[in-house]
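Read off the chains here:
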Amino acid sequence: MRENGKPAALLSRRQILASSVAIAGAIPFLTKERATAAPDPRATQLRLTAGTRTLDVNGKPARVFGLIGPNGNPGITLSPGERFHVDLVNQASTSTIVHWHGQLPPWRQDGFPWPQTPPILAGGTHSYDYAPIAGTYWMHSHQGMQEQSLMTAPLIVRSAEDMRADRQDVVLMLHDFSFRTPDELLVGLTKSEGSASAMPTGSMGNAMNMASGGMGAMNMGSSMAMDVNDIDYDAFLANDRTLADPEVIRTEPGGRVRLRLINGASATQFWIDLGVLSGTVVAVDGHPVRPVRVTRLPLAIAQRLDVLIDLPQNNAYPIFAQVEGKRARTGIVLAASGAPVSRLDVEAGENAAPVDLSLEHRLEAVSPLAPRAPDVTHRVILAGAMAPYAWSLNGEYWPNVTPLMIAPGQRVAIEMMNHTMMPHPMHLHGHAFQVAAINGVPRAGAVRDTVLVPPMSSVTIAFDADNPGRWAFHCHNLYHMMTGMMTEVRYPAII
Ligand SMILES: [Cu+2]
């Protein structure tokens with residue numbers, strides 16, 4: 001089991017200082033952190049390189065993409081007040097475009113391949129410069145299926161409050177991994193229409209009774225089964241490592257951690273299991289929520305959770321992420337200096353339930369929208385099936401869609417009704433929305449950028465139309481999006 005073998009971007013300044021292990025890559029990171037005492041608004045442009053790298057997965061080499069930041073480590077961490085002033089250099093030998101998931105830049109900097117903002121050609125560079133919002137974010141390619149090949153990385157924007165709290169920052173980013181190419185995985189889903197082999201892996205064996213799903217379904221009999229896990233993956237990664245060889249993060253004396261969880265998987269949802277620890281959720285998708293105490297919490301595709309954890313003793317504590325509907329899990333270990341770390345079972349004792357809205361129901365935004373009736377309400381039907389494998393919004397398949405029109409200054413509501421047996425993690429670009437109703441019951445829930453709409457359920461989101469442009473609105477299951485489950489939220493007079 002390697003320790004501190006992880007790039008320094010995933011370590012805090014204090015971890016590096018506390019570590020007796022010399023990490024060459026940590027030096028520039030340390031310098032940058034020291035500069036945060038007096039943020040320089042003229043800070044130089046950061047360099048982010050889209051390229052390729054080789055991971056070790058289950059003892060076999062895996063060639064994947066990567067987004068490597070200025071210090072040679074995945075992603076970018078910004079200090080309070082620092083602008084997102086980035087040169088994205090494409091060394092991936094193919095076109096790419098990178099989306100800053102959850103951030104609210106002007107639409108031309110959103111990293112979506114609109115005709116007006118085409119992908120960056122191989123060898124090219126594109127510059128970005130906007131004021132970021134603080135919190136736990138991430139970045140991923142929005143070109144083809146590069147996201148499945150790990151063209152993904154953390155994007156952490158620290159707040160002044162984070163710095164004052166002086167907690168050890170620990171990032172835990174999750175992925176699903178296959179040795180097959182994304183194209184092969186997609187063909188495997190779409191080729192055998194109507195045959196049993198088009199069913200999701202585990203769909204039959206892991207069929208979930210709706211009654212065990214937690215969330216109330218709409219007039220559903222308990223005999224109906226829902227589907228989870230379209231794809232049979234070879235591994236699940238936490239910070240690019242499997243649970244057989246997990247990252248061990250040495251905690252500082254006092255053991256006060258801010259765990260930043262990011263589900264960067266393409267088609268997998270997880271239950272985060274803090275084991276013997278308990279924690280306090282303080283933010284979702286980067287946005288503060290009123291504190292909620294937790295030990296086990298659902299994390300839908302593309303969502304993030306910030307959890308404060310105080311380690312009770314100077315021991316080693318695994319943080320697990322178990323795949324919904326399966327025993328498979330991944331994770332990391334938080335370990336006090338000198339605490340022995342034992343080998344972990346790579347599978348949990350039993351299959352996890354489907355990820356649900358049990359946590360969502362408990363969330364309240366610290367900064368909710370001002371109370372106001374919607375000026376416009378769009379209703380969106382989520383439809384589709386495993387066989388033939390195709391997914392739609394209001395019966396339309398991307399790119400042949402009718403934009404949902406909104407106008408500056410409007411309070412907008414989008415009511416999503418899921419008419420399928422799959423859960424759909426729905427993501428809106430360019431806006432933070434508030435969860436305004438679940439199954440028709442109004443609520444003032446979390447402000448966030450991605451919300452799960454469980455099978456045969458409805459979720460309504462509300463937001464203020466304050467960022468004119470063209471914005472993608474889609475299911476963040478990559479294979480649902482690729483087979484049509486995406487539309488556009490559009491302001492008038494955008495050219
Ligand atoms: Cu979906």
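See the structure printed just above.
**Quick notes on the packing of aromatic side chains**
Point 1. Under the defined criterion, the tally for this structure stands at 10 aromatic pairs.
Point 2. Centre to centre, the rings of F112 and W114 are 4.6 Å apart; their planes meet at 50°, and the pair counts as tilted. For the pair formed by F112 and W114, the shared burial category is buried.
Point 3. For the ring pair F236 and F270, a centre distance of 6.1 Å and an interplane angle of 85° mean the geometry is edge-to-face. Placement of F236 in strand β12 (residues 235–238) and of F270 in strand β15 (residues 270–273) is noted, with a sequence separation of 34 residues between them.
Point 4. Aromatic rings pair up to connect F84, W100, Y128 and Y130 into one cluster.
Point 5. Positioned above the aromatic ring of F320 is the side chain of R329, whose terminal nitrogen or guanidinium carbon lies 3.8 Å from the ring centre.

**Thoughts on the environment of V376**
Point 1. With respect to the helices and strands, V376 occurs in strand β22 (residues 376–385).
Point 2. Sequence spacing of V376 and Q410 is 34 residues, and the spatial spacing of their C-alpha atoms is 7.2 Å.
Point 3. Sequence-distant contacts of V376, defined by excluding residues within four places in its chain, comprise Q410, R411, V412 and A413.

**Digging into the coordination of the copper ion**
Point 1. Distances from the copper ion to its protein donors, H424 (ND1), C475 (SG) and H480 (ND1), fall at 2.0 Å.
Point 2. On the primary sequence, the residues serving as donors to the copper ion are separated as H-x50-C-x4-H. Of the two residues, H424 is situated in strand β26 (residues 424–428) and H480 in helix α5 (residues 478–482); the sequence distance between them amounts to 56 residues.
Point 3. A residue is classified by how much of its surface remains accessible, and H424, at 0% relative accessible area, is buried.

**Quick look at the environment of L185**
Point 1. As for its position among the elements, L185 is in helix α4 (residues 182–190).
Point 2. Distance from L185 to I231, taken between C-alpha atoms, is 7.3 Å for residues 46 residues apart in sequence.
Point 3. When sequence neighbours within four positions are dropped, the list of residues in contact with L185 reads Q148, S178, R180, I231, Y233 and Y479.

**So, the pairing of strand β19 (residues 304–310)**
Point 1. Of all seven residues making up β19, six are buried, and the element is well covered by its neighbours.
Point 2. Across seven bridges, strand β14 (residues 256–263) lies against β19 in antiparallel orientation. Bridge pairing in β19 links I262 to R304.
Point 3. Here strand β16 (residues 279–284) runs beside β19; their pairing, made up of four bridges, is antiparallel.

**Some remarks on α4**
Point 1. Among the residues of α4, P182, L185, L186 and L189 are the ones counted as buried. For α4, the angular spread of the buried residues around the axis is 95°, confining them to a single face.
Point 2. Close packing links the buried residues of α4 with α5.

**What to know about the side chain of H99**
Point 1. The topology assignment puts H99 in strand β5 (residues 98–101).
Point 2. The exposure class of H99 is buried, given its relative accessible area of 1%.
Point 3. Among the polar contacts made by the side chain of H99, one reaches the main-chain carbonyl oxygen of D110 at a distance of 2.8 Å.
Point 4. Not counting residues within four places of it along the chain, the set of residues in contact with H99 comprises D110, G111, W138, M139, H140, H142, H427 and H429.

**Comments concerning the sheet that holds strand β1 (residues 46–57)**
Point 1. The four strands are arranged β2-β1-β4-β6 in an open sheet whose pairing can be described as mixed. The open sheet has two edge strands with one neighbour each: β2 (60–68) and β6 (125–130). When strand polarity is set aside, the average angle formed by the axes of neighbouring strands in this sheet is 25°.
Point 2. Pairing of strand β4 (residues 84–90) with β6, which is carried by six bridges, proceeds in the antiparallel orientation. Note that in β6 the partner of V86 across the bridge is Y128.

What counts, and where the lines are drawn
- Counting starts from 1 at the beginning of each chain's written sequence and moves along it residue by residue.
- Given that this is a predicted model, residues contribute local features only at a pLDDT of at least 70 and side-chain atom pairs are listed and counted only at 80 or more, while totals for whole chains, interfaces and linings are drawn from all residues.
- With hydrogens and water stripped out, all remaining heavy atoms of the structure feed into the side-chain values.
- For this analysis, a ring pair means two rings from Phe, Tyr or Trp (six-membered ring only for Trp) whose centres lie within 6.5 Å, classed as stacked if their planes differ by under 30 degrees, edge-to-face if by over 60, and tilted for the remaining angles.
- Burial classification: accessible surface area is computed with a 1.4 Å probe over protein chains only, and a residue below 20% of its type maximum counts as buried, one above 50% as exposed, and the rest as partly exposed.
- By definition, any uninterrupted DSSP run of H or I lasting at least four residues is a helix, any uninterrupted run of E lasting at least two residues is a strand, and each is numbered from the N terminus.
- In this analysis the charged atom, NZ for Lys or CZ for Arg, is taken to sit over a ring once it is within 6 Å of the ring centre and within 35 degrees of the ring normal.
- Contacts are residue-level and defined by heavy atoms, with any inter-residue pair within 4.5 Å sufficient.
- Sites may look incomplete because water is not among the atoms; the donors themselves are N, O and S atoms within 2.8 Å of the metal, or within 3.2 Å for Na, K and Ca.
- Strands are labelled as partners when DSSP assigns at least two bridges between them.
- Read the arc as the range of directions from the helix axis to the C-beta atoms.
- A 3.5 Å cut-off defines polar contacts: any pair of N or O atoms within that distance qualifies, except that in protein one atom must be a possible hydrogen donor and the other a possible acceptor, and neighbouring residues in sequence count only when both atoms are side-chain atoms.
- Interaxial angle, 0 to 180 degrees, is taken between N-to-C directions of lines fitted to C-alpha atoms, where a helix line uses only the stretch in contact.

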